[in-house]
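Fold and geometry: a report
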Amino acid sequence: MILEELAIAVETGDMKKVQALIPQGLADGVDPQDLLDKGLLAGMAALGARFKAGEVFVPEVLIAARALNAGTVLLKDKLVAGQSVSKGKVVIATVSGDLHDIGKNLVLMMLESTGFEVIDLGVDVPVEAVVEAVRENKPDILAMSALLTTTMAFQKDIVEALKVAGLRDGLKIMIGGAPVTQDFCDNIGADSYSPDAPGAADAALALLS
Amino acid sequence: MNSYERLYTRLDGGKPDRLPNLSLVMFFAAKLIGVPFGKYVSDYRLLCEGAFRCHEEFGIDMFCAISDPMREAEGFGAVVTIPDDNVPYSKAPLIGSVSDIGKLHPIDPASGRRMNDRLLAVQKMKEKAAGKVPVVGWVEGAIAESCDLMGISEFMLNIMLYPDEIRELLAICYEQAVRFAKAQIAAGADIIGIGDAAASLIGPALYEEFALPYEKKLAGEIHAAGGLVKLHICGNTNSLLTLMADTGADIVDLDHMVDMNQAANIFPADMHICGNFDPSGVLLRGTPDRIREAVRTCMQIGDRNANLIAPGCEVPRDTPFENFLAIREELSAV
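Everything numeric in this text was worked out from a predicted model, so none of it was measured. Here the residue index of a chain counts from 1 through its sequence in written order. As a convention, the first chain written is A and the first ligand written is 1, with the rest following in written order. In keeping with the model being predicted, local features are shown solely for residues with a pLDDT of at least 70 and side-chain atom pairs are shown and tallied solely at 80 or more, while totals for entire chains, interfaces and linings include all residues. Just so you know, side-chain values use all the structure's heavy atoms and leave hydrogens and water out.

**Side note on the overall build of chain B**
- Per the secondary structure count, chain B includes 15 helices and nine strands.
- Every radius of gyration here is taken over C-alpha atoms, with the globule rule written as 2.2 Å times N^0.38, N being the number of residues. Its C-alpha atoms give chain B a radius of gyration of 19 Å, near enough to 20 Å, the size a compact globule of 334 residues would have.
- A total of 334 residues make up chain B; the buried ones form 61% of that total.
- Contacts are residue-level and defined by heavy atoms, with any inter-residue pair within 4.5 Å sufficient. Residue pairs at least 24 apart in sequence account for 70% of intrachain contacts in chain B once pairs closer than 6 positions are excluded.
- Per-residue accessibility takes into account occlusion by the displayed protein chains alone, with areas from the Shrake-Rupley method and a 1.4 Å probe. On chain B, roughly 11,700 Å² of surface is accessible, and the fraction owed to carbon and sulfur atoms is 51%. Only runs of H or I of at least four residues qualify as helices and only runs of E of at least two qualify as strands under DSSP, and these elements are numbered from the N terminus. We call a residue buried when its accessible area falls under 20% of the maximum for its residue type, exposed when it is over 50%, and partly exposed in between, using a 1.4 Å probe and counting protein chains only.

See the structure below:
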């Protein structure tokens, strides 16, 4: 029951309710991992489905993410390391010369709510920094965003730079952003393109299945 | 027909010699005249040169003073970075929190450096046009300007958390837009473009409450000052079309993912649809044949609303010339 309430609180962006329900759940002996997976993340996943269906929009997703984050902060010290099974590790970035972060952040939220571990490099990330982050973190997936036609070419540069660095094999590459198309994805040798954030989470699951 | 006659004949419901080409150029025009974008957005003479050459060489049926969204933000006092060859931006939002909104004051557009630069651009365009080319000025809509000042994510959160304060912010941005639009009309603009891009992110319920009232009032002020209104909301506005029909805009730009047929069904017959093929997948990366096909499709489906032709958003910087020329060629061929 409390898990359902928690999920609904996230889905409706009710941060105060989340902050009340987490301590209550812990006091009642609910497994912290269940509070995370079946409460917080389940709520975000439900909202993601409604976002994909065009029933809710960016403000509702951001307000839900705020509630989710408030809940995860309260759970941080309670979760047992290793108990959570990650769906995979993703490094995400908006490419060089591009300061747009909202699309990237929506994808990040959807990936996290689907169970991926996500390392966010931020915006305006140079090609070399992306390559270095892949070398260092050894992700399963690299996800790249570009909102401008003038910056989308950096997605190609990064694919090429990863090949030169010997890091392309075994790495799945996802791309997105308003000017990006499936044709462009195929052309630059990326593995997956998604036109929207919930679709990106589905695509990430498909890539690793 | 000259461009002015072509556009206004179409807007008046008549039959021009060909459909007007209202493609928006910014980065492309800077590249065409061989100047870095930072200089293009800072010097009205360069902006005019780009607009004039795009009119002459690619058959664009307007001189448009659009360049980037940050002119009004700079006027409000935001510290705007203008990179050598990239889009101007604000490193830190001027409005850090809703409590800062009271510090904002609309200014006289002539006293803002790059706002005045746009007024000078409009004046120069009017002189060059000599009544033969429509001059299109540009303002940020209240939602877009609020995002420019606050940061888009913060605005999207605050619209849910602090609706009253956000209304206050929108009212200030609206007032600035009215002043800027009127100043551009006084400087010679025939039409004012209202760029309200972020409005496509908020969905119909919030659009109705927070975007539509300001767009509608702004359109009314522009009409009262003698201008026509071109509403430009990038992105997927399919869920907003019924509400956008009530803005009073004379021309509504539709991005490529919007169903033009549906828009034609919803909009009043005198609300002209402008668009809407894919700027990236078709114009930038397609072939001239593909572009001609896309133009033909747009010509057919929007005819009920006496449509105008353009890609769904800005012509990409690196668009091959033969691709851009294909728009004019196809329009002229019919």
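**A short note on the sheet that holds strand β3 (residues 141–145) of chain A**
Residues and elements named next belong to chain A.
- Pairing between strands is defined by DSSP: at least two bridges between them are needed. The five strands lie next to each other as β2-β1-β3-β4-β5, forming an open sheet whose pairing is parallel. What marks the edges here is a single partner per strand, and that holds for β2 (117–120) and β5 (192–193).
- In the sheet, strand β1 (residues 89–94) pairs with β2 via four bridges, with the strands oriented parallel. Directly across from V90, in β2, lies its bridge partner V118.
- Against the sheet, helix α6 (residues 127–137) contacts β1, β2 and β3, and its axis sits at roughly 170° relative to β1.
- Against the sheet, helix α9 (residues 197–208) contacts β3, β4 (172–176) and β5, and its axis sits at roughly 165° relative to β4. Whenever a helix is involved, its axis is fitted only over the stretch in contact; in every case the axis is a line through C-alpha atoms, and angles between N-to-C directions fall within 0 to 180 degrees.

**Examining the packing of helix α3 (residues 32–52) of chain A against α9 of chain A**
Residue and element names in this part refer to chain A.
- Look at α3 against α9: their axes get within 8 Å of each other, and the N-to-C directions meet at 120°. Side by side, α3 and α9 meet where G48, F51 and K52 of the first sit next to A197, P198, G199 and D202 of the second.
- In this count, Pro and Cys sit with the nonpolar residues alongside Ala, Val, Leu, Ile, Met, Phe, Trp and Tyr, while Asp, Glu, Lys and Arg are called charged and the others, Gly among them, polar. Taken together, the residues that form the contact of α3 with α9 break down as three nonpolar, two polar and two charged.

**Side note on the nonpolar core**
- Counting 170 residues, the largest nonpolar core has F155, Y207 and F267 of chain B as its most contacted members.
- By residue number, the principal contributor to this core is helix α9 (residues 163–187) of chain B, which donates twelve residues.
- The split into domains, and so the bounds of each, comes from an automatic or database assignment of domains. Mapped onto the domain boundaries, this core takes at least three residues apiece from domain 1 (2–75) and domain 2 (89–208) of chain A.
- What F267 of chain B contacts, discounting residues up to four positions off in sequence, is L241, M244, A245, V252, L254, I273 and N305 of chain B.
- With 27 residues, the next largest nonpolar core counts A93, L142, L162 and C185 of chain A among its residues. In this description, a nonpolar core means a group of buried Ala, Val, Leu, Ile, Met, Phe, Trp, Tyr and Cys residues linked to one another through side-chain atoms lying within 4.5 Å.

**So, the domain arrangement of chain A**
Residue and element names in this part refer to chain A.
- Taken domain by domain, chain A holds domain 1 (2–75) and domain 2 (89–208).
- The centre of domain 1, based on its C-alpha atoms, is set 26 Å off from the matching centre of domain 2.
- Residue-level contacts link ten residues of domain 1 with ten residues of domain 2.
- By buried area we mean how much accessible surface two parts lose on assembly, using a 1.4 Å probe and totalling the loss over both. Between domain 1 and domain 2, roughly 890 Å² of surface is buried when both sides are summed, and carbon and sulfur atoms account for 82% of that area.
- Its largest share of buried area at the contact with domain 2, domain 1 owes to L41, F51 and K52, together 43% of the area lost on that side.
- Here K52 ties to D202 by a salt bridge, and the two come within 2.9 Å at their closest N and O atoms.
- Under this definition, polar contacts are N or O atom pairs within 3.5 Å; protein pairs additionally need one hydrogen-donor-capable and one acceptor-capable atom, and for neighbouring residues in sequence, both atoms have to be side-chain atoms. Linking domain 1 with domain 2 are one residue pair in polar contact (both at pLDDT 80 or more).
- Of all the secondary-structure elements, those providing two or more residues to the side of domain 1 that touches domain 2 are α3 and α4 (58–75). Any carboxyl oxygen of Asp or Glu within 4 Å of a side-chain nitrogen of Lys or Arg constitutes a salt bridge here.

**Things to note about the environment of F180 of chain B**
Residues and elements named next belong to chain B.
- Locating F180 in the fold gives a position in helix α9.
- Judged by its relative accessible area of 0%, F180 falls in the buried class.
- Apart from residues lying up to four places away in sequence, F180 is in contact with E72, P109, M115, R118, L119, W138 and V139.

**What to know about the pairing of β4 of chain A**
Residues and elements named next belong to chain A.
- Across the five residues of β4, four count as buried, placing the element largely inside the fold.
- The pairing of β3 with β4 spans five bridges and is classified as parallel. Bridge pairing links I141 to K172 in β4.
- Crossover connection from β3 via helix α7 (residues 153–164) to parallel β4: handedness right-handed.
- Judged from the two bridges that link them, β4 and β5 form a sheet pairing that is parallel. When the bridges of β5 are listed, I175 appears paired with Y193.
- For crossovers, right-handed means that the path from the first strand over the helix to the second runs clockwise, given strands pointing away from the viewer. At this point the chain moves from β4, through helix α8 (residues 182–188), to the parallel β5, and the crossover so formed is right-handed.

**Here we look at unusual backbone geometry**
- Of note, the amide linkage connecting G275 of chain B to N276 of chain B takes the cis form, showing an omega dihedral of -15°.
- Tracing the backbone through its elements, the reader meets N276 of chain B in strand β8 (residues 272–277).
- Of note, K138 of chain A is a non-glycine position whose phi angle comes to about 45°, a positive value.
- Here K138 of chain A shows up in the loop between α6 and β3.
- Residue A130 of chain B is not a glycine yet carries a positive backbone phi of 50°.
- Within the secondary structure, A130 of chain B is located in the loop between α6 (113–129) and β4 (135–140).
- Residue classification places A130 of chain B among the exposed residues on the basis of a relative accessible area of 55%.

**A look at the side chain of R10 of chain B**
- Residue position: R10 of chain B is located in helix α1 (residues 3–11).
- The class for R10 of chain B is buried, based on a relative accessible area of 7%.

**Here we look at the confidence of the model for chain A**
- The score called pLDDT rates the predictor's confidence residue by residue, from a low of 0 to a high of 100. This prediction gives chain A a mean pLDDT of 94; 98% of its residues lie at or above 70.
- Mean pLDDT in chain A bottoms out at helix α5 (residues 102–114) of chain A, which sits at 91, and peaks at α6 of chain A, which reaches 98.

**Brief notes about the sheet that holds strand β1 (residues 63–64) of chain B**
Residues and elements named next belong to chain B.
- Read from one edge of the open sheet, seven strands run β1-β4-β5-β6-β7-β8-β9, paired in parallel fashion. The open sheet is flanked by β1 and β9 (308–311), the only strands paired with a single partner.
- Alignment of strand β6 (residues 228–232) against strand β7 (residues 251–253), held across three bridges, turns out to be parallel. Looking across to β7, one finds that K230 is bridged to I251.
- Seen against the sheet, α6 touches β1 and β4 and runs at an angle of roughly 165° to β4.
- Packing of α9 onto the sheet brings it into contact with β4 and β5 (191–195), and relative to β4 it is tilted by some 165°.

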